[in-house]
Amino acid sequence: QFRNPPSGTEIPVLVYNVPPAPYPVQPQNRVLQKYLQWTPELLEKAKDAAPKGPFMGVHARMGSDWVFTCKHAVGRPQFFASPQCKPQPKLGDKITSAVCFPAQEDMAEQVNTIMAETGIHHVYIASDMRPMDKEARLKAFLDALRPGTEHIVSANSFELDLVVLGLSQQFVGNCISSFT
């Protein structure tokens with residue numbers, strides 16, 4: 001809390017490098033998440049956008065803003081939603097670039113392992129990249145997926161992505177990202 005809050009004319013925009021509320025949701029408040037309901041219209045759009053049948057949702061944080069964010073996160077003990085990366089962190093644990101911005105091949109290996117264990121072969125990929133860049137920038141990830149994997153790369157809104165990812169039977173995301 002500010003002792004003497006700045007006026008809107010002095011500082012028209014306040015920028016925080018940490019969330020204004022605790023991330024991730026505190027364990028005692030997680031029970032409240034079950035009451036979240038999407039609008040029927042958004043839920044219907046999500047069902048139309050999602051792969052048909054069981055699918056895995058993947059949130060690939062790879063936009064230029066995330067690259068910048070990870071530069072600030074590496075070496076810190078905590079950043080954004082990083083407490084969910086290790087619920088019981090050890091003293092001295094620090095965020096690494098491999099956790100914040102994993103290689104696409106490493107992401108694909110994790111997705112392939114889960115697909116092999118579950119029999120899922122549909123993947124919905126949400127990303128923070130501009131829609132026109134997604135397919136090209138995700139090439140290494142897509143090329144490393146198991147043969148026969150059917151994928152949808154989202155070109156939709158982040159709200160719709162949240163709903164579709166919530167409908168997935170399996171999920172792979174970035175534990176530092178508060179969106180994930």
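Being a predicted model, the structure only gives us computed values, none of them experimental.

*Asks:* Explanation requested: the state of the cysteines in the structure shown.
*Replies:* Where two cysteines share a covalent bond between their sulfur atoms, that bond is called a disulfide. Applying the stated criterion across every chain, the model contains two disulfides. The side chain of Cys70 participates in a disulfide bridge whose partner is Cys100; the two sulfur atoms lie 2.0 Å from each other. Here Cys70 and Cys100 share a disulfide; its torsion about the S-S bond, -85°, makes the bridge left-handed. Residue Cys70 is found in helix α2 (residues 64-73), and its partner Cys100 is found in helix α3 (residues 97-100); the two are separated by 30 residues along the sequence. For Cys100, a relative accessible area of 0% corresponds to the buried category.

*Asks:* Is there a simple way to think about a nonpolar patch on the surface in this case?
*Replies:* On the surface, Leu36, Trp38, Phe158 and Leu162 cluster together into a nonpolar patch covering about 400 Å² of accessible area. Mapped onto the fold, Leu36 is located in the segment before α1 (40-49). A relative accessible area of 54% places Leu36 in the exposed class.

*Asks:* I keep staring at the packing of aromatic side chains and nothing clicks. Help me out?
*Replies:* The relation between two aromatic rings is expressed through the spacing of the ring centres and the mutual angle of the planes. One pass over the structure, following the stated rule, counts two aromatic pairs. Residues Phe79 and Phe80 carry aromatic rings whose centres are separated by 4.5 Å and whose planes lie at 40° to one another, so their mutual orientation is tilted. Here Phe80 falls in the partly exposed class, since its relative accessible area comes to 23%. Here a set of aromatic residues connected by ring pairs shows up, and it is made of Trp66, Phe79 and Phe80.

*Asks:* Sorry, what's going on with α1 here?
*Replies:* In an α-helix, one turn spans 3.6 residues; hence positions three or four apart end up facing the same way. Those residues of α1 lying buried are Leu42, Ala46 and Ala49. On an axial view of α1, the arc spanned by its buried residues comes to 65°, and they lie on one face. With respect to the buried face of α1, the exposed residues turned more than 90 degrees away are Pro40, Glu41 and Asp48. Considering only its buried residues, α1 is in contact with β2 (122-127), β3 (150-153) and α7 (158-167).

Cut-off values and rules
Residues numbered from 1 in each chain as written. Predicted model: local features only at pLDDT ≥ 70, side-chain atom pairs only at ≥ 80, totals over all residues. Heavy atoms only, no water. Disulfide = S-S within 2.5 Å. Helix = DSSP H or I, 4+ residues; strand = E, 2+ residues; numbered from the N terminus. Buried < 20%, exposed > 50% of the residue type's maximum accessible area, 1.4 Å probe, protein only. Patch = residues over 30% accessible without salt bridge, like charges linked within 9 Å, V, L, I, M, F, W, Y side chains within 5 Å. Areas by Shrake-Rupley, 256 points an atom, 1.4 Å probe, with all protein chains shown as cover. Salt bridge = Lys/Arg side-chain N within 4 Å of Asp/Glu carboxyl O. Phe/Tyr/Trp six-rings, centres within 6.5 Å; stacked < 30°, edge-to-face > 60°. Arc of directions from axis to C-beta. Contact = heavy atoms within 4.5 Å.

Any functional reading would require information that these geometric values do not contain.
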